[in-house]
Amino acid sequence: MKSVRTYLCFVGLLVLGLACAPKVTDVYKECVVNTDQTTLFKGHWPQHPIPLAVEAVDFSASELVEVQAAIEKWNDFFDSSKGFKLYLTGSSPLATINSGGARVTRGTVCSQTIVTPSGFSNSIKIYKTRSGWTYGSQVMALTSLCPVTVSGAQFRNLVAAVMEINYQDYFSTSLHPDLQSLVVHELGHILGLDHSCNGAGCTDAPDEYRSALMYPALGFDGTIGRVKRDVGMNDQQRANCLY
Ligand SMILES: [Zn+2]
């Protein structure tokens, strides 16, 4: 999820997209992939529920409420569409893991011991990163996935993941994104969705893609991040293809 701080062209377009976004009242239960979105999948998890946990020392109680609400957005959708909750969060409010300072990052996640010969055997951790952010200050959050190609299969298998939220350049500074909006977008990546459009494909993207959770940028009104928390039609139709 990128901020629009260095992508100012997205600001006006995003306003238009939100203004035109339909209110989602029905759950879409069919798999629908538009021809320009066929490559916009990261993979899928061979088993579910997908175990999630937050780093034990990182998040405040109010932040955990927002993270839990984001998880429930996807769980409610899959419950309505497929009859199961995709994400496992453990006991109330959220499972926690204390990594003892051994932070799993983009560079190390796929080589960690959590990737075992028999498959993923640990929880996907959600971190708030206060220092050492190396992905660029315009990036508000980043999810790293480890996909494995399966011969003859439509989608690659995801075997590990980590979500990092940029508290170095946001939240503690003048810019305050909506945490729930950020996390629900990153959870879309964790379950296997790429963005609704990428790069040049976003230049003239239709409202359907701009109003999607998985649109790659989210703007600010002044210093306050815009709110985009609901799983949109395009998100739902694509997610239905993965599970
Ligand atoms: Zn993203």
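Residues numbered from 1 in each chain as written. Predicted model: local features only at pLDDT ≥ 70, side-chain atom pairs only at ≥ 80, totals over all residues.

Looking now at the overall build of the protein. Counting secondary structure elements, the protein contains 5 helices and 12 strands. Burial status across the protein gives 38% buried among its 243 residues. (Helix = DSSP H or I, 4+ residues; strand = E, 2+ residues; numbered from the N terminus. Buried ≥ 20, exposed ≤ 12 C-beta atoms within 10 Å, placed from the backbone.)

Bringing unusual backbone geometry into the picture now. In this model, His48 is joined to Pro49 through a cis peptide bond whose omega is 10°. Of note, Pro49 is situated in the loop between α1 (9-20) and β2 (50-55). Positive phi, close to 70°, is recorded for Phe171, a residue that is not glycine. You can see Phe171 is positioned in the loop between β9 (157-166) and α3 (179-190). Residue classification places Phe171 among the partly exposed residues on the basis of 18 C-beta atoms within 10 Å.

A few words now on α3. Here α3 contains 12 residues, and its C-alpha end-to-end distance of 16 Å stays within 8% of the 16 Å for a straight helix at 1.5 Å per residue. Three or more residues of α3 are buried, namely Leu179, Gln180, Ser181, Leu182, Val183, Val184, His185, Glu186, Leu187, Gly188, His189 and Ile190. (Expected span 1.5 Å × (residues − 1).)

This part takes up the packing of helix α2 (residues 61-81) against α3. Interhelical geometry of α2 versus α3 gives an angle of 40° and a closest axis separation of 8 Å. Compared by their axis directions, α2 and α3 come out oblique. Relative to α3, α2 is oriented so that their crossing is right-handed. Across the interface between the two elements, Glu63, Glu66, Val67, Ala69, Ala70, Ile71, Lys73 and Trp74 from α2 touch Leu179, Gln180, Val183, Val184 and Leu187 from α3. (Axes fitted to C-alpha atoms, helices over the stretch in contact; angles between N-to-C directions. Parallel < 35°, antiparallel > 145°, perpendicular 65-115°, else oblique. Left-handed = near helix turned anticlockwise from the far one by under 90°. Contact = placed C-beta atoms within 7 Å.)

A few words now on the confidence of the model for the protein. Any region with low pLDDT has predicted coordinates that should not be read closely. With 81% of its residues at a pLDDT of 70 or more, the protein has an overall mean of 84. Averaged pLDDT values for the elements of the protein fall to 37 in α1 and rise to 98 in helix α5 (residues 233-239). Counting interchain partners and residues more than four positions distant, the pLDDT-below-50 stretch residues 114-120 has 13 contacts. (pLDDT = per-residue confidence, 0-100.)

This part covers the nonpolar core. Counting residues in each nonpolar core, the largest one holds 49 residues, and the members touching the most others are Ile50, Trp74, Ala161, Leu187 and Leu191. Listed by contribution, the elements that provide at least two residues to this core are β2, α2, β7 (124-129), β8 (141-148), β9, α3 and β10 (217-218). For this core, the leading source of residues is β9, giving 7 residues. Discounting residues that sit within four places of it in the chain, Trp74 has contacts with Leu86, Tyr87, Val184, Leu187, Leu191 and Val231. (Core = buried A, V, L, I, M, F, W, Y, C linked by C-beta atoms within 7 Å.)

With 21 residues, α2 extends 30 Å from end C-alpha to end C-alpha; this agrees with the ideal 30 Å at 1.5 Å per step. Where α2 is concerned, the buried positions are Val67, Ala70, Ile71, Lys73, Trp74, Phe77 and Phe78. Considered in projection along α2, the buried side chains sweep an arc of 125° and stay on one side of the axis. In α2, the exposed positions angled more than 90 degrees off the buried face are occupied by Ala61 and Ser62. On its buried face, α2 sits against β2, β3 (87-88), β7, α3 and α5. Downstream of α2 by one or two residues, Gly83 has phi in the positive range, about 85°. (Arc of directions from axis to C-beta.)

Across the 10 residues that make up β9, a large majority, 9, are buried. In this structure, β7 lies alongside β9, joined through 5 bridges in parallel fashion. Looking at β9, one finds that Lys128 is bridged to Ile165. Bridge count between β8 and β9: 8 bridges; the pairing is antiparallel. Counterpart to Ala141 in the pairing with β9 is Ile165. (Pairing = 2+ DSSP bridges.)

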